[in-house]
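As a plain string of letters, each chain reads:
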Amino acid sequence: MKSPYRAVKVTDDVWWVGAIDWNIREFHGYRTPRGSTYNAYLIMADKITLVDTVKAPFRGEMMARIADVIEPGRIDYIVSDHSEMDHSGCLPEVIGAVRPEKVISSAVGSKTLTELFPLKTEITAVEDGETLSLGNRTLTFMETRMLHWPDSMFAYLNEEELLFSQDGFGMHLASLERFDDQIDPAILEYEAATYYANIILPYSPLVLKLLDKVTAAGLSFKMIAPDHGPLWRKDIGGIIGRYARWAAQKPTAKGVVVYATMWHSTEIMARAIGEGLAAGGLRVKLMSMDQVHRSDVVYELLGAGALAVGSSTLNNNMLPAMADVMTYLRGLKPQNLVGAAFGSYGWSGEAVRQLEEILAGMKVDLAGEGIRVKNVPDEGVLTRCYELGMGMAQKVNSRLSAG
Ligand code: FEO
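Residues numbered from 1 in each chain as written. Predicted model: local features only at pLDDT ≥ 70, side-chain atom pairs only at ≥ 80, totals over all residues. Heavy atoms only, no water.

Caption draft 1: Quick peek at the overall build of the protein. A count of helical and extended segments in the protein gives twelve helices and 24 strands. The globule rule puts the C-alpha radius of gyration for 403 residues at 22 Å, and the 24 Å found for the protein is close to it. With the C-alpha coordinates of the protein rotated into their principal frame, the extents come out at 75 × 40 × 35 Å. Taken over 403 residues, the protein has a buried fraction of 57%. Expressed as a percentage of contacts within the protein between residues at least 6 apart in sequence, the contacts between residues at least 24 apart total 72%. For the protein, the exposed area adds up to about 16,600 Å²; of that, 52% sits on carbon and sulfur atoms. (Helix = DSSP H or I, 4+ residues; strand = E, 2+ residues; numbered from the N terminus. Rg over C-alpha atoms; globule rule 2.2 N^0.38 Å. Buried < 20%, exposed > 50% of the residue type's maximum accessible area, 1.4 Å probe, protein only. Contact = heavy atoms within 4.5 Å. Areas by Shrake-Rupley, 256 points an atom, 1.4 Å probe, with all protein chains shown as cover.)

Caption draft 2: Focus on the packing of aromatic side chains. Scanning all chains against the criterion turns up ten aromatic pairs. For the ring pair Tyr-41 and Phe-164, a centre distance of 5.3 Å and an interplane angle of 50 degrees mean the geometry is tilted. With Tyr-41 in strand β7 (residues 41–43) and Phe-164 in strand β15 (residues 162–164), the pair connects residues that are 123 residues apart, well separated along the chain. Judged by relative accessible area, Phe-164 falls into the buried class, the value being 1%. Positioned above the aromatic ring of Phe-27, the side-chain terminus of Lys-55 is 5.6 Å from the ring centre. Over the ring of Tyr-328 we find Arg-294; its NZ or CZ atom is 5.7 Å from the centre of that ring. (Phe/Tyr/Trp six-rings, centres within 6.5 Å; stacked < 30°, edge-to-face > 60°. Lys NZ or Arg CZ within 6 Å of the ring centre and 35° of its normal.)

Caption draft 3: Representation of the packing of helix α6 (residues 204–217) against helix α7 (residues 236–248) within the structure. The geometry of α6 relative to α7 is characterised by a closest axis approach of 8 Å and an angle of 140 degrees between their N-to-C directions. With respect to α7, the element α6 is oriented oblique. With respect to the hand of their crossing, α6 and α7 are arranged in left-handed fashion. Here Ser-204, Val-207, Leu-208 and Leu-211 of α6 come into contact with α7, specifically with Ile-240, Tyr-243, Ala-244, Trp-246, Ala-247 and Ala-248. Here the residues of the contact of α6 with α7 are counted per class, giving nine nonpolar, one polar and no charged. (Axes fitted to C-alpha atoms, helices over the stretch in contact; angles between N-to-C directions. Parallel < 35°, antiparallel > 145°, perpendicular 65-115°, else oblique. Left-handed = near helix turned anticlockwise from the far one by under 90°. Nonpolar A, V, L, I, M, F, W, Y, C, P; charged D, E, K, R; others polar.)

Caption draft 4: Molecular detail of the sheet that holds strand β2 (residues 14–16). Spatial strand order, β1-β2-β7-β8-β9-β10-β11: seven strands in an open sheet with mixed pairing. Single-partner strands in this sheet number two, and they are β1 (8–9) and β11 (123–126). Bridge analysis of β1 against β2 gives two bridges, and the strand direction is antiparallel. Bridge pairing links Val-8 to Trp-16 in β2. (Pairing = 2+ DSSP bridges.)

Caption draft 5: Local environment of the pairing of strand β19 (residues 306–311). Counting buried positions over the six residues of β19 gives six, a clear majority of the element. Here β19 shows a buried face lined by Ala-306, Ala-308 and Gly-310 and a second buried face lined by Leu-307, Val-309 and Ser-311. The pairing of strand β17 (residues 254–260) with β19 spans six bridges and is parallel. Paired with Val-258 across the two strands is Val-309, which belongs to β19. Pairing of β19 with strand β22 (residues 338–345) involves five bridges; the strand directions are parallel. From the neighbouring strand, Ala-306 faces β22, where its bridge partner is Val-338.

Caption draft 6: Structural context of the sheet that holds β15. Ordered by their spatial adjacency, five strands build an open sheet running β12-β13-β14-β15-β16, and the pairing between neighbours is mixed. With one partner strand each, in any of the chains shown, β12 (131–133) and β16 (223–225) form the two edges of the open sheet. Recorded for the sheet is a direction-independent mean angle of 20 degrees between the axes of neighbouring strands. Pairing analysis gives three bridges linking strand β14 (residues 153–157) to β15, with the strands arranged antiparallel.

Caption draft 7: Representation of the environment of Glu-189. With respect to the helices and strands, the residue Glu-189 is situated in helix α5 (residues 185–200). The spatial distance from the C-alpha of Glu-189 to the C-alpha of Trp-16 is 22 Å, given a sequence separation of 173 residues. Those residues in contact with Glu-189 that lie beyond four places of it in its chain are Arg-242, Arg-245 and Trp-246.

Caption draft 8: Representation of the confidence of the model for the protein. Looking at the protein, pLDDT values average 97 and 100% of them are 70 or higher. Element-level mean pLDDT values for the protein span from 95 in α6 up to 99 in β17. (pLDDT = per-residue confidence, 0-100.)

Caption draft 9: Highlighting the pairing of β17. For β17, the buried fraction is high: seven of the seven residues fall into the buried class. Of the pairings in the sheet, the one linking β17 to strand β18 (residues 283–288) comprises six bridges and is parallel in character. Residue pairing across strands places Gly-255 opposite Val-284, the latter belonging to β18.

Caption draft 10: Representation of the nonpolar core. Counting residues in hydrophobic clusters, the biggest one holds 88 residues, and the most contacted among them are Leu-50, Tyr-243, Val-258, Met-322 and Met-326. In terms of residues, this core owes the most to one element, α5, which gives eight residues. Tyr-41, Ala-45, Val-51 and Ala-225 belong to the second largest nonpolar core, which has 26 residues in total. (Core = buried A, V, L, I, M, F, W, Y, C linked by side-chain atoms within 4.5 Å.)

Caption draft 11: Up close: the packing of α5 against α7. At their nearest, the axes of α5 and α7 sit 11 Å apart, and the two run at 40 degrees to each other. Classified by the angle between their axes, α5 and α7 sit oblique to one another. Every pair of crossing elements has a handedness; the one defined by α5 and α7 is right-handed. Between α5 and α7, the residues in contact are Glu-189, Ala-192, Ala-193, Tyr-195, Tyr-196 and Ile-200 and Ile-239, Arg-242, Tyr-243, Arg-245, Trp-246 and Ala-247, respectively.

Here it is as structure tokens:
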């Protein structure tokens, strides 16, 4: 019987030949409850070209999908747009099986690939703006350094106006539907935003520059083909617009309260701060780290104006669940936040200061001194928490009115 893994036609000349990972639930700290895909594309030009490969265990699936279109040994070129192992993990074996005339990557990519794998093949490095003739088709390469690795680049298939965007505009969503118009828009919106928040966020200034560069070059897109999730063929303007919005990180009237609690005192304080934020006019999300994942927190912070963080003190430190999420946030660098810290303690109470130090390191604008309480908060403490929430909201509102 023929393999059940079939290629999916993208355009007259381009086929999706990737793999579906229904079971992956974690991507270096980012929870992926809907699984993912590793997208690879076959361009059936005069020079048959494979754009990106898949994670090592999925090589057989990809090769079967390629074989649904052509005998894999007929591939002339392999382009590696991004050398992270979910797209290059099987590259050495694929090169060995296919023996292509050329393997192409960015200059940094060529170095990275040889550092990652014992490749015997020479990599042809291309520069920003360089073109590669595939005979009757042309690829133009665009460096996208640090989006999100130093090697990353886009490849644009000129005649089809199709952008191979590697991780950019992607999402972790396993499905047998390959195109955006086949999937619930609410799921697309949520998963694309979660992906942006968890992967692309720290490089937002570079996203804005890249979008300007694309606009200045006058490039138009009939399709965007990322390395994860569905291809964009209907809502191309929508996803580009959302990237511009997410990258700008303009605050909105929203406050997020993130906390971990031992005996509910810190939780009671979190709730009072939340009430104060709401009384000040913000939409509020309370997130107990006992109940949510760090990936959900960074998703909620996309577009938030305020972040309050709280922890009980355990053995002179913040609770492990807060250390986890704060480390994650410190790396992802959400911008333009008003903040505050709070927490209860039994005898030493270091957690609030530790949280404030991390917030300050993230350049969060502290709205007031952190609130610490020994054991259980009384009415006076809860009033201070409420007022701290109100104060944070006022600061966000003044920023919003100042534009
Ligand atoms: Fe999907 Fe950065 O790898």
